[in-house]
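Chains, contacts and geometry: an overview
Single-letter residue listing:
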Amino acid sequence: KPDDWHVHFRDREILKAVVPETSRTFARAIVMPNLKPPILNGKQAIQYKERIKKIIPKTDYFEPFMTIYLTEKTNKKDLKEAYNSRDVFAAKLYPAGATTNSDSGVKDIKKIMPVLETMAKVGMPLLIHGEVTHKEVDIFDREKVFIDQNLDFICKELPELKITLEHITTEEATMYVNQGNRNLVATITPHHLALNRNAIFVGGIRPHNYCLPILKREKHRRALIKVATSGNKKFFLGTDTAPHFTSDKENCCGCAGIFNATYCMSILAQIFEDNNSIKNLEKFTSLNGSNHYGLSKNKTKIKLLKRNNPIIFKKQIKVGNNSISVFNPDFPVYWEVI
Ligand code: NCD
Ligand code: ZN
């Protein structure tokens with residue numbers, strides 16, 4: 001069974017609607033802490049985990065792994081205790097203003113170095129949204145600039161820290177991670193493997209293909225495909241499935257985030273097959289991540305069946321009077337999870 005090392009479950013009615021979409025196919029997931037207000041300490045993480053567990057269908061075996069949102073005020077002692085008691089699995093670094101609900105993120109990385117040192121000592125993983133947020137930096141360059149200005153600094157100061165550079169989108173990121181120290185790995189999303197930046201503008205503006213980090217040029221997509229399908233241990237799946245109401249996406253200031261949980265494994269199987277790498281799908285979705293985090297692999301399995309006709313994707317899932325639009329890469333997908 002695959003694991004998803006990066007999900008957004010939100011809270012309340014959205015939580016109820018989206019958890020089963022993940023737990024149906026995935027055995028474990030790392031749950032992001034960017035709620036409004038964010039999950040800032042162990043106590044809040046435990047409470048959030050309880051809310052998630054109530055929603056998991058009885059027929060699904062699924063385990064959520066919780067995270068804490070780092071701020072310049074994060075308490076080292078609380079973080080260490082939450083990690084040692086296994087209530088919390090990892091801490092998430094959002095540069096302030098980088099993405100949805102990241103206002104309380106970190107402005108100056110140097111201010112959290114003592115917290116990162118503690119994490120390195122106890123073996124707690126650091127998950128990074130790797131984009132700078134300076135207005136003067138072009139949105140398509142923000143990942144590369146983050147690597148040069150911040151990630152390289154953290155990796156050199158704390159080579160023992162377990163770091164996941166999340167949802168990478170550029171050739172530069174694939175190269176940096178590949179050549180970087182052994183504790184540095186990266187996750188890749190299905191949408192960054194499926195689409196390049198043209199998909200945001202096909203015949204008009206396409207809010208459902210808008211996410212952060214933003215989709216990049218085709219050469220970057222090719223670089224992601226290359227590392228994901230290679231079986232390389234440093235790269236594994238983190239879907240970044242990020243539900244927003246359809247009305248908040250189709251809006252004059254639309255939210256960033258793509259809800260891809262529903263057909264994720266089907267889309268990935270199609271992409272891996274199209275790149276003659278179906279044999280490496282299991283490494284990417286089910287083995288490399290658990291191996292990096294020192295967890296055993298899942299004992300149960302899923303079955304993927306190749307149909308004669310493409311799957312007809314459902315367009316939306318209902319949430320009260322609202323809906324969440326389901327990611328569709330707009331190429332034929334023949335693989336079904338049965
Ligand atoms: C995510 C969200 O909506 O919470 N949005 C996104 O575009 N990926 C936040 C994030 O992971 O950047
Ligand atoms: Zn995310």
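Right, let's walk through the structure included here.

**What about the side chain of E21?**
Relative to the elements of secondary structure, E21 occurs in helix α1 (residues 12–23). Within the structure, E21 has its side chain in polar contact with the side chain of R24 (distance 2.8 Å). Side-chain polar atoms of E21 contact the side chain of T262, separated by 2.7 Å. Excluding residues that lie within four positions of it along the chain, E21 makes contacts with F259, A261, T262, K314 and I317.

**Re the site of ligand 1**
As a structural note, the neighbourhood of ligand 1 is formed by 15 residues, with R10, N34, T99, L212 and D240 the closest of them. Contact distances for ligand 1 include 3.1 Å between an oxygen atom and a side-chain N or O atom of T100. At 3.1 Å from an oxygen atom of ligand 1 is found a main-chain nitrogen or oxygen belonging to A256. Residues that form the shell around ligand 1 fall into these classes: four nonpolar, nine polar and two charged.

**Section: the nonpolar core**
Nonpolar side chains in soluble globular proteins generally cluster together in the buried interior. Grouped together as the largest cluster of nonpolar side chains are 92 residues, with contacts concentrated most on F9 and L116. Here the element with the most residues in this core is helix α10 (residues 264–274); it accounts for seven residues. Once residues within four sequence positions are removed from consideration, F9 is found in contact with I14, L15, V18, V19, T22, V31, Y48, I52 and F62. Counting residues in hydrophobic clusters, the runner-up holds 12 residues, among them Y69, L127, F236 and Y293.

**Topic: the packing of aromatic side chains**
Within this structure, the stated rule accounts for 10 aromatic pairs. Ring centres of F65 and F89 lie 4.8 Å apart, and the angle between their planes is 45°; this geometry places the pair in the tilted category. Linking F65 in strand β3 (residues 63–65) with F89 in the loop between α3 (76–84) and β5 (90–93), this pair joins segments that are 24 residues apart in sequence. Ring centres of Y69 and Y94 lie 5.2 Å apart, and the angle between their planes is 35°; this geometry places the pair in the tilted category. In this pair, Y69 is assigned in strand β4 (residues 67–69) and Y94 in the loop between β5 and α4 (113–122), connecting sequence segments 25 residues apart. By relative accessible area, which is 0% here, Y69 ends up buried. Positioned over the ring face of F153 is K110, at 5.1 Å from the centre of the ring. One residue, R197, lies across the ring of F140, its end atom 4.6 Å from the ring centre.

**Regarding the environment of K121**
Within the secondary structure, K121 is located in helix α4. Considering only alpha carbons, one finds K121 and K80, 41 residues apart in sequence, at a separation of 9.5 Å.

**Description of the state of the cysteines**
Summed over all chains, the structure comprises zero disulfides. The thiol of C264 is unpaired, and the distance to the nearest cysteine sulfur, on C211, comes to 14 Å.

**Comments concerning the sheet that holds strand β1 (residues 4–7)**
An order of β1-β2-β3 is seen for the three strands of this open sheet, with the pairing classed as parallel. Two strands lie at the open edges of the sheet, namely β1 and β3, each paired on one side alone. In this sheet, neighbouring strand axes are inclined to one another by 30° on average, regardless of whether the strands run parallel or antiparallel. Where β1 and strand β2 (residues 28–31) come together, two bridges link them in parallel fashion. Directly across from D4, in β2, lies its bridge partner A29.

What counts and what doesn't
Residues numbered from 1 in each chain as written. Chains lettered and ligands numbered in written order. Predicted model: local features only at pLDDT ≥ 70, side-chain atom pairs only at ≥ 80, totals over all residues. Heavy atoms only, no water. Helix = DSSP H or I, 4+ residues; strand = E, 2+ residues; numbered from the N terminus. Polar contact = N/O pair within 3.5 Å; in protein donor to acceptor, adjacent residues only side chain to side chain. Contact = heavy atoms within 4.5 Å. Near = heavy atom within 4 Å. Nonpolar A, V, L, I, M, F, W, Y, C, P; charged D, E, K, R; others polar. Core = buried A, V, L, I, M, F, W, Y, C linked by side-chain atoms within 4.5 Å. Buried < 20%, exposed > 50% of the residue type's maximum accessible area, 1.4 Å probe, protein only. Phe/Tyr/Trp six-rings, centres within 6.5 Å; stacked < 30°, edge-to-face > 60°. Lys NZ or Arg CZ within 6 Å of the ring centre and 35° of its normal. Disulfide = S-S within 2.5 Å. Pairing = 2+ DSSP bridges. Axes fitted to C-alpha atoms, helices over the stretch in contact; angles between N-to-C directions.

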